[in-house]
Every structure is written in structure tokens, then in C-alpha cells.
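Given next are the chains, with one letter for each unit.
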Amino acid sequence: MTGALALSACGGNGNKGNNDKSQVEVFSWWTGPGEADGLAAMKADFEKKNPGTKFINAAIAGGSGTQAQAVLASRLQNRKPPDSFQGHAGAELLDYIKAGQIEPLDSFYDENNLKSVYPQQLLQQISYKGHIYSVPVNIHRSNMLWYNPGILKDAGISDAPKSIPEFIADLKAVKEKTKKVPLSLGAQWTADHLLENVLLGDLGTDAYNALWKPGADWSSPAMTKALNDYAEILKYTTTEAASTDWQGAAKAVVDGKAAFNIMGDWAYGYFVGSAPNGLGKKLDTDFKYAPTPGTDGTYLWLSDSFTLPKGAPHHAGALAWLKEVSSREGQDLFNPKKGSVPARKDADKSLYSTGYLKYAFEQWNNPATKLAGSFWHGVNASKKQHTDIDTAVGLFLQSKDVGKLQSQLVAAAKNSGQ
């Protein structure tokens, strides 16, 4: 895991004079299958514990939070913050801290004895010069390959690919031997998500993690090879799917229309969840899973967390919500529905004892598992570098020019602002 970002933080928990607990406006992008159900479960528990507090769900739709973050930025700039907002743990929080838009939560952690129940490495990732700035509710794995076993059988493929070269060969086999889509892809951010998985699979964990350190070299021959592999893999995706979000691309696999989809493990909650938000599909029959090619033994992780904005209108309500988010009960209500595992170390293991959740729980808690941070999902890329990479990928999807893509990624690293 990359180390904590170095930034001098000021002060303790300000705004203490605001004890308004009449309501809490919670801002997130949890509107999709699985995540909306998980949020509803936490909301119900929150209202049970805080009967005098009105919960306002200010969720805004849009995969990976792209639309929501744009709306949030406008509200923060206009000094009209929600009481708490979702942010990926890690470098994504840097801009909010530098702009003085969120408060440190050291007192909150001390008062609720939280430092002993979260993994130390995770606390380091959300800390700046010893101050903690968000409350993680979960851990997701970004490097998951979802596949249709029937289509693979028709293509003569016996198992999930274990390397990038094997993956490319399998995509070719699906294209030649079946009439199915080899790899489903959704809106542009899913192409960014695919990129981080190809980089991890080709470069390996240590070299991938080194990309996010000061002075990182994005111009190496190894990077050129990885980007050429990325370009080759994109040849087996569908252009029609580019107008859909991740749900449509993932659904193509369980509906028997596409062989593979690379998506985070929130897809699992979508696949097995009940209607109307879930698809009610069966593991091993409608779909199977594996780490993305070349990444077995590595957890490409991200964490959804919640913050305390400076000037939160209902400060006490916000703290009550953060207490729900940080609680064992809240996390155990949320995560089985979301398809993620708890950020806390003391979760009820029995809730994660079957299917993918058992696998994820064991992998995350296995000391031998290597950790790599998801750049697309906010762990180790600043917002500026994140935006620059997204721009470079968008241009590449049109030009298919690997040389230009690499030069733009080199520039993005140099100008990252970290």
C-alpha cells in the first residue's frame, strides 16, 4: 500500500458550537443496485438509533461518482455543504483538505475508540500529518474478472485467464468461436478502470505502486508494453456499450451476451441481489469470478468513506451519521448488500461466509495478500492526475495512438500536484 500523503493539517474539530441534530443531509453516489439497498439498510438503523433526526438522502446517480463530485464541488465552492459527503479514502481527499473544506476527525475517533478497530494501513491512507479526515465504511476490490462459464466453454476455454497474454488469447477465441461480445465495456470511466487493471497485471504490484510516488517513470518500455496490451484488449470491446454505465456492461455477462467484464466487486451485489435493484443471478451457473489477469494475490483496493465538511449546517447530525458509518452494526448491514467487506476488523464473519463475500473477506484479511491502491477510485492519484488520465484515455479511445497516450500519462504524473 502506498504511504500516507504528506500534508500539514491544522486544528482539531471545529464548528463544535453547532449542536443541531434535527436532520442530516448525506451526499453520495449510491443510487445503483446493491449500494442503494445498503444505504437504505444503514438509513433504517440510523433512524432507529436517532429518532429525532431526519435523514435526507442526497444521492446523485452516475457511475464511480463522476456526476456527483461535480455537483459537490459546486456546493462546496458556494459554501453550501451537505452535512456529510462520500469520498474515496486516500488521495481523492487531498483537494478538500487543501481547500479547507473538511475537518479532521481525531476527536471523533478517540471518543468512539475507532483507532483499534480499523486496520493501521487504512488509517495511514486517510491521515495527513497525524490527522484523520474520513470514516471508511467498506473495502472494495477493483481487480475482479466476471465471466460467463457457458460462453467460455463454447470458446474452448477451460478456466479464467491468469495473465494478460492468456487474456488476449481468450478474447480472440471468444470472438472467433462464438457470436458473443468478448469483453463488455460501459461508460468511459470503465475504460479507465480497465486501464488500472491492465497496468497492475502487466507491471506487477511493486512497479504499479511505484507509479504513484514522486518522480515516477511512466515512460519505461514496460509501460509501453502494458499500454500496447491495453490497446489490443480494447479491440475486443463493444462501441455500442460506451453509452451505458457499469451495470449494463456487467449485466451483459450474466445475460449470456458477453464473455468477460472487468469491474469492482460491487458487481457481485448487483448480480445476486433481489429485484428490483438486483438481478437474482446464481454464482457458478450464470457467472463466475477470478482476479483480473496477472493480479492473483493482490488486492487492488478502494474504500468508500464519509467526511465532516467545514460549516456543516447540522454538525451534530453529521457526527451521528459518522457514528453509524463507523459502527460494526452499520457496516455489517451495508456491506453484504453492496458486495464489499467491512473496513472494521471486528465484523461478524458469519455474514461473509458464502460465495464471493467469503473469498473477499479471507483475501482482505490474509497477511500474505499484497495491496495496491486503485487510482481510478481515489486511493493514490490526486484529483488533477485523475482528471488528466481520464482526458488522456478519452482521447485514446478516439485516436488509438499508444504513443500519444503514454506521453500524456507521463505529463499527468509530472503535473499531478502531489
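Residues numbered from 1 in each chain as written. Predicted model: local features only at pLDDT ≥ 70, side-chain atom pairs only at ≥ 80, totals over all residues. Heavy atoms only, no water.

(A) Highlighting the packing of helix H1 (residues 35–49) against helix H14 (residues 328–338). The contact between H1 and H14 brings their axes to 7 Å, and the two run at 160°. What the angle tells us is that H1 and H14 run roughly antiparallel. In terms of crossing hand, the pair formed by H1 and H14 is right-handed. Mapping the contact onto sequence places Glu35, Asp37, Gly38, Leu39, Ala41, Met42, Asp45 and Lys49 in H1 and Glu329, Gly330, Leu333, Phe334, Lys337 and Lys338 in H14. For the contact of H1 with H14, the residue count by class is five nonpolar, two polar and seven charged. (Axes fitted to C-alpha atoms, helices over the stretch in contact; angles between N-to-C directions. Helix = DSSP H or I, 4+ residues; strand = E, 2+ residues; numbered from the N terminus. Parallel < 35°, antiparallel > 145°, perpendicular 65-115°, else oblique. Left-handed = near helix turned anticlockwise from the far one by under 90°. Contact = heavy atoms within 4.5 Å. Nonpolar A, V, L, I, M, F, W, Y, C, P; charged D, E, K, R; others polar.)

(B) Region of interest: the sheet that holds strand S12 (residues 298–302). Spatial ordering of the open sheet is given by S14-S7-S12-S15, a layout of four strands whose pairing is mixed. Each of the sheet's edge strands pairs with one partner strand only, and the pair in question is strand S14 (341–342) and strand S15 (370–373). As paired elements, strand S7 (residues 138–141) and S14 share two bridges and run antiparallel to each other. Within S14, the residue paired with Asn138 across the bridge is Pro342. (Pairing = 2+ DSSP bridges.)

(C) Structural view of the nonpolar core. Formed by 126 residues in total, the largest nonpolar core has its most connected members in Tyr109, Leu199, Trp218, Tyr230, Phe260 and Trp321. A domain split of this core shows at least three residues from each of domain 1 (23–139 + 304–373) and domain 2 (144–294 + 382–415). Residues contacting Leu199, with those up to four places away along its chain left out, are Gly204, Tyr208, Leu211, Trp218, Met223, Ala226 and Leu227. (Core = buried A, V, L, I, M, F, W, Y, C linked by side-chain atoms within 4.5 Å. Buried < 20%, exposed > 50% of the residue type's maximum accessible area, 1.4 Å probe, protein only. Domains from an automatic or database assignment.)

(D) Fine view of the sheet that holds strand S11 (residues 288–291). If you trace the four strands from one edge of the open sheet to the other, you get S9-S10-S8-S11, paired in mixed fashion. In the strand order of this sheet, the two ends are held by strand S9 (181–183) and S11, each with one partner. When strand polarity is set aside, the average angle formed by the axes of neighbouring strands in this sheet is 20°. Looking at chain direction, S9 and strand S10 (residues 258–262) are connected through two bridges and run parallel. Within the sheet, the bridge partner assigned to Leu183 lies in S10 and is Phe260.

(E) Up close: the domain arrangement of the protein. According to the domain assignment, the protein consists of domain 1 (23–139 + 304–373) and domain 2 (144–294 + 382–415). Taken together, the contacts link 23 residues of domain 1 with 21 residues of domain 2. Each partner contributes to the roughly 1900 Å² buried at the junction of domain 1 and domain 2, and carbon and sulfur atoms together form 57% of this total. Among the residues domain 1 hides against domain 2, the three largest losses belong to Pro33, Tyr356 and Tyr359. Together they make up 31% of the total. Where domain 1 touches domain 2, the interface holds zero salt bridges. At the boundary of domain 1 and domain 2, one finds five residue pairs in polar contact (both at pLDDT 80 or more). The set of elements that each furnish at least two residues to the side of domain 1 that touches domain 2 consists of helix H3 (94–98), H14, helix H15 (355–364) and S15. Residue composition of the side of domain 1 that touches domain 2, grouped by class: eight nonpolar, nine polar and six charged. (Buried area = accessible area lost by both parts, 1.4 Å probe. Salt bridge = Lys/Arg side-chain N within 4 Å of Asp/Glu carboxyl O. Polar contact = N/O pair within 3.5 Å; in protein donor to acceptor, adjacent residues only side chain to side chain.)

(F) Spatial organisation of the packing of H1 against helix H13 (residues 315–326). Orientation of H1 relative to H13, taken along the N-to-C sense of each, is 120°, at an axis distance of 10 Å. Relative to H13, the element H1 lies oblique. Taken as a pair, H1 and H13 cross one another with a handedness that is right-handed. Across from Leu39, Met42, Asp45, Phe46 and Lys49 in H1, the residues of H13 making contact are Gly317, Ala320, Trp321, Glu324 and Val325. Tallied by class, residues from the contact of H1 with H13 come to six nonpolar, one polar and three charged.

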